[in-house]
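What follows is the residue order along each chain.
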Amino acid sequence: MYIEVLTQTILKKEDQTFTYFVPDNLASKIKIGVRVKIPFGKTIIEGFVMKINITPDFDKNKIKEIIGITDEEPVLNEEMLLLGKNMSDKLLCSLVSCYQAMLPKALKAEVNTSIKIKYDKYLKRIKSIEEIDNYIENCKYDSQIELLCKLKEGDIPISKVTSSIKTIIKNGLAEINYEENKRYKYMGISNYKKVKLTLEQEKVANTIISSFNIPKTFLLYGVTGSGKTEVYMNIIEETLKLNKEAIMLVPEISLTPQIVGKFISRFGNVVAVLHSKLSDAERYDEYRKITDGEVKIVIGTRSAIFVPFTNIGVIIIDEEHTSSYKQENNPRYNAKDIAIWRSKYHNCPVVMGSATPSLESFARAGNNVYELLTLTKRAQNMTLPVVNVVDMKEEVKKGNFILSEILKKKIKEKLDKKEQIILLLNRRGYSSIISCRDCGNTEKCPKCDIAYTYHKSSNTLKCHYCSSSKMPNTKCSICGSTNIKDYGLGTEKLEEELFKLYDARIVRMDVDTTSKKGQHQKIIDDFGEHKYDILIGTQMIAKGLDFPSVTLVGVVSADSSLTAPDYRASENIFQLLSQVSGRAGRGENKGEVIIQTFNPSHYSIALAKEHNYLKFYREEMKIRKLLKYSPYYYMVLVKITTKDYDLGFKEADKVSNYLKNNVNIETIILGPSMASMFKVNNIYHYQIIVKYRKDDKLKEALKFVNNVYKQNSKVNIEIDFDPIRI
Ligand code: ADP
Ligand code: ZN
Ligand code: ZN
């Protein structure tokens with residue numbers, strides 16, 4: 001039999017399908033969607049079987065034979081095969097990259113993975129108790145007798161096969177059995193109890209439940225603490241009653257360990273968890289719980305949207321505004337789009353929830369593309385916290401560079417009352433830049449041309465873009481002066497300052513303190529048990545945390561995100577401030593929030609203070625309309641990357657001209673320009689921005705340029721539809 005195999009070769013991103021021969025003894029085992037090992041040049045690679053029983057239209061003697069079949073059952077089912085084609089067509093990326101993105105590492109088409117199923121060994125009795133007793137009577141060896149007595153009570157887990165075990169087996173009394181051991185265990189703490197839904201929550205849940213079997217998208221806009229998680233769990237419970245499955249996406253599991261705890265407490269072992277902090281082996285095991293039909297609920301991050309459930313009842317996307325649902329390398333898919341595609345395939349609803357919906361989603365709800373559902377009240381009569389905005393320009397005059405008068409006072413007050421505090425500072429490390437007082441030179445990463453961040457705990461300068469690091473110089477590399485000073489503020493410096501000011505138990509949570517497995521969960525659990533008074537962190541503490549005794553949230557600097565060169569900067573800061581404010585006052589005591597900023601009158605800060613999402617939405621939409629940005633215009637980002645500065649500009653210019661001449665006249669083509677991160681790791685990034693409302697020629701034009709550069713080894717092109725940042 002001849003088959004067609006899809007593989008990824010070393011050549012450029014292009015899809016390659018090749019014809020191979022399958023000998024008769026293997027032919028019955030070949031199915032579409034299984035992986036096969038094939039000879040390729042001088043190496044052996046793996047690929048997916050795409051077509052079987054084909055008739056080659058060229059010399060059959062040139063066709064090589066497959067080396068082996070990796071899987072008994074297809075790793076790509078019918079739905080996945082179809083979805084991959086759709087993605088590849090929409091995103092202009094290779095088909096094989098789409099299939100690879102859907103699978104955990106252990107099931108991707110690549111040889112040499114060492115991820116194996118783990119088995120536990122058991123010794124199992126295969127003779128009757130009487131026969132065992134007879135044997136014991138005549139046995140002289142204590143170790144055998146001991147084993148046999150245990151065997152009478154049940155199976156014995158064993159790690160190695162001792163000589164007594166060997167003898168028992170040889171004498172036909174017992175045998176070794178193997179059982180799969182799925183490695184992931186949730187280790188967090190949860191004291192979750194099921195609650196009765198409020199009337200408002202019940203209404204929302206019922207609307208969704210009455211649309212089960214309809215491929216419809218709901219936008220659940222509910223203020224922080226309104227009990228969206230409770231609504232999700234209620235809907236999922238109904239799904240399970242229908243014997244259907246549920247997918248729940250969360251931005252980043254390590255950011256929301258509490259949600260996983262709640263789900264496991266409520267639903268028990270029908271929950272699988274998939275996120276980036278799992279090892280490849282653990283992820284493989286969780287994935288097999290799905291393919292083996294052991295679980296009905298998956299809670300996971302972006303790629304969990306691809307899990308091969310076959311009877312999906314509902315897909316939930318929590319914190320739908322989060323940028324992490326978009327993958328930032330090929331295939332550049334958005335999990336929200338995949339969710340909608342799958343909802344049509346399975347005839348089930350999608351529920352996207354947020355306290356601060358993305359402008360795109362809220363606009364779609366306004367146009368009735370999505371159905372809007374609203375939760376206006378916090379559960380348990382909790383009120384939204386009072387937000388104070390402090391003008392740091394005034395504070396600096398008084399000599400308060402890090403903490404304002406009022407924030408210092410409030411921290412003291414809460415510590416005295418034994419209440420907890422969360423402080424957000426969206427910059428890790430100690431200080432933001434180190435520069436020379438005499439000549440103004442700033443130490444920059446030579447590969448990225450971006451200032452290093454000083455990390456005091458490790459005494460290193462780190463580049464936050466390429467992760468390289470080096471020892472700080474004691475002298476300026478330009479003028480030799482020793483008058484070097486650090487500016488700006490990072491979480492490390494904030495922690496140091498707090499230790500100076502207060503006698504408190506402080507814990508810091510950022511990329512640097514959570515790089516090891518389990519560290520993140522531990523910080524959350526310890527803070528939840530009030531082993532610490534103050535939690536300091538970057539944006540990773542803003543989302544999802546639910547600690548009733550937190551009564552004060554301080555945003556130490558709201559400005560760094562505001563000045564980012566991105567049209568979504570205002571939206572991002574509004575969302576961040578609203579989310580982090582939502583962490584305060586979730587218990588019996590009222591919450592307070594203090595935001596420190598140099599731009600107190602900026603509308604996104606002023607409106608976050610008022611908790612006024614709707615007004616923010618209207619203001620921001622006016623600006624988007626004026627500047628012709630999303631959601632008024634669709635956008636495509638064409639990125640041209642190369643190691644050669646001049647060639648990059650030349651080629652980017654060609655692409656831009658080609659597009660200008662080959663798309664609709666109303667479509668706007670901007671650039672080429674230098675990307676905001678122009679040089680990263682010695683690679684130059686140029687970009688062209690396309691804005692359009694309707695353009696039936698654009699897709700073809702983009703496809704054309706994409707194809708041209710597939711063959712080019714010096715210049716790389718990437719096309720990003722609906723980019724998250726530009
Ligand atoms: P959100 O996800 O909307 O921010 P959560 O689901 O975290 O809100 O709920 C906030 C808090 O209110 C949680 O501690 C939750 O247990 C509690 N809560 C939610 N709904 C109810 C309810 N109907 N009755 C009692 N407590 C509730
Ligand atoms: Zn200098
Ligand atoms: Zn760098």
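All values reported here derive from a predicted model rather than from experimental measurement. (Residues numbered from 1 in each chain as written. Chains lettered and ligands numbered in written order. Predicted model: local features only at pLDDT ≥ 70, side-chain atom pairs only at ≥ 80, totals over all residues. Heavy atoms only, no water.)

Further remarks concern the pattern of salt bridges. Enumeration according to the criterion identifies 42 salt bridges in this entry. Of the charged contacts, one joins E237 and K194 as a salt bridge, the two residues approaching to 3.0 Å between their closest N and O atoms. Of this pair, E237 sits in helix α8 (residues 228-241) while K194 sits in the loop between β8 (174-180) and α7 (199-209); the two residues are 43 residues apart in sequence, bridging distant segments of the chain. E237 gets classed as partly exposed once you look at its relative accessible area, which sits at 22%. In this structure, the salt-bridge partner of R568 is E360, at a minimum N-O distance of 3.2 Å. (Salt bridge = Lys/Arg side-chain N within 4 Å of Asp/Glu carboxyl O. Helix = DSSP H or I, 4+ residues; strand = E, 2+ residues; numbered from the N terminus. Buried < 20%, exposed > 50% of the residue type's maximum accessible area, 1.4 Å probe, protein only.)

This part is about the site of ligand 1. Taken together, the neighbourhood of ligand 1 is formed by 18 residues, with K196, Q201, G225, K228 and D546 sitting nearest. In the environment of ligand 1, an oxygen atom lies 2.8 Å from a nitrogen or oxygen atom belonging to the backbone of G225. In isolation ligand 1 offers 560 Å² of accessible surface; the protein chains occlude 85% of this area. If one sorts the elements of the shell around ligand 1 by residue count, α8 sits on top with three residues. Looking at the shell around ligand 1, its residues break down into four nonpolar, eight polar and six charged. (Near = heavy atom within 4 Å. Polar contact = N/O pair within 3.5 Å; in protein donor to acceptor, adjacent residues only side chain to side chain. Areas by Shrake-Rupley, 256 points an atom, 1.4 Å probe, with all protein chains shown as cover. Nonpolar A, V, L, I, M, F, W, Y, C, P; charged D, E, K, R; others polar.)

With 89 residues, the main nonpolar core has F48, M87, Y99, I305 and L535 as its most contacted residues. Apart from residues lying up to four places away in sequence, I305 is in contact with I247, L249, I315, Y333, A335, I338, A339 and R342. Of all hydrophobic cores here, the second largest spans 32 residues; its members include Y186, V204, M233 and L278. (Core = buried A, V, L, I, M, F, W, Y, C linked by side-chain atoms within 4.5 Å. Contact = heavy atoms within 4.5 Å.)

To continue, consider the sheet that holds strand β22 (residues 460-462). To summarise the sheet geometry, strands pair through backbone hydrogen bonds and adopt either a parallel or an antiparallel arrangement. Strand order across the open sheet formed by three strands is β21-β22-β23, with antiparallel pairing between neighbours. For this open sheet the edge positions go to β21 (453-455) and β23 (469-470), each flanked by a neighbour on one side alone. Sheet analysis places β22 next to β23, joined by two bridges and oriented antiparallel. The residue bridging K462 from the neighbouring strand is S469, located in β23. (Pairing = 2+ DSSP bridges.)

What follows covers the pairing of strand β3 (residues 35-40). Sheet topology note: the β3/strand β4 (residues 43-51) ladder contains six bridges and is antiparallel. Looking at the pairing, R35 lines up with F48 of β4. Hairpin connection, β3 to β4: the antiparallel pair is bridged by two residues, and G41 has positive phi, about 60°. Bridge count between β3 and strand β5 (residues 68-69): two bridges; the pairing is antiparallel. Its bridge partner being in β5, K37 is matched across the sheet by G68.

With that settled, consider the coordination of the zinc ion (ligand 2). Those protein atoms acting as donors to the zinc ion (ligand 2) are C436 (SG), C439 (SG), C476 (SG) and C479 (SG), and they sit at 2.3 to 2.4 Å. Between the four donor atoms coordinating the zinc ion (ligand 2), the angles at the centre fall across 104 to 113°, so the site counts as tetrahedral. Overall, the relative accessible area of 36% leaves C439 in the partly exposed class. (Donors = N, O, S within 2.8 Å, 3.2 Å for Na, K, Ca; no water. Tetrahedral: all angles 85-135°; square planar, octahedral: opposite > 155°, others 65-115°.)

Further remarks concern the environment of I665. Turning to its location among the elements, I665 is positioned in the loop between α21 (645-662) and β30 (668-680). Judged by relative accessible area, which is 80%, I665 ranks as exposed. Taking the C-alpha atoms as reference points, I665 and D695, separated by 30 residues in sequence, lie 8.9 Å from one another.

Taken in spatial order, the seven strands line up as β11-β12-β10-β13-β14-β9-β15 in an open sheet, and their pairing is parallel. Edge positions in the sheet fall to β11 (271-274) and β15 (371-375), since each has one partner strand and no second. Neighbouring strand axes in the sheet, compared pairwise and without regard to direction, differ in orientation by 20° on average. Of the pairings in the sheet, the one linking strand β9 (residues 217-222) to β15 comprises five bridges and is parallel in character. Bridging across to β15, G222 finds its partner in L375. (Axes fitted to C-alpha atoms, helices over the stretch in contact; angles between N-to-C directions.)

As paired strands, β30 and strand β31 (residues 683-692) are joined by seven bridges and run antiparallel to one another. Among the inter-strand pairings, S673 is bridged to a residue of β31, identified as Q687. Hairpin connection between β30 and β31: a loop of two residues separates the two successive antiparallel strands, and N681 in this loop has a positive phi of roughly 55°.

We now examine helix α12 (residues 359-366). Among the eight residues of α12, six are classified as buried, and the element is accordingly described as predominantly covered. Buried residues of α12: L359, E360, S361, F362, A363 and A365, and no others. Packing partners of the buried residues in α12 comprise β9, α11 (335-346), β14 (350-354), β15, α18 (569-581) and α20 (613-626). Immediately downstream of α12, the backbone of N368 shows phi near 60°, a positive value.

Here E230 shows up in helix α8. Relative accessible area serves as the criterion here: at 11%, E230 is assigned to the buried category. Linking E230 and C149, residues 81 residues apart in sequence, is a C-alpha distance of 50 Å. Ignoring sequence-local partners within four residues, the contact set of E230 consists of Y192, V195, L197, Q201 and R266.

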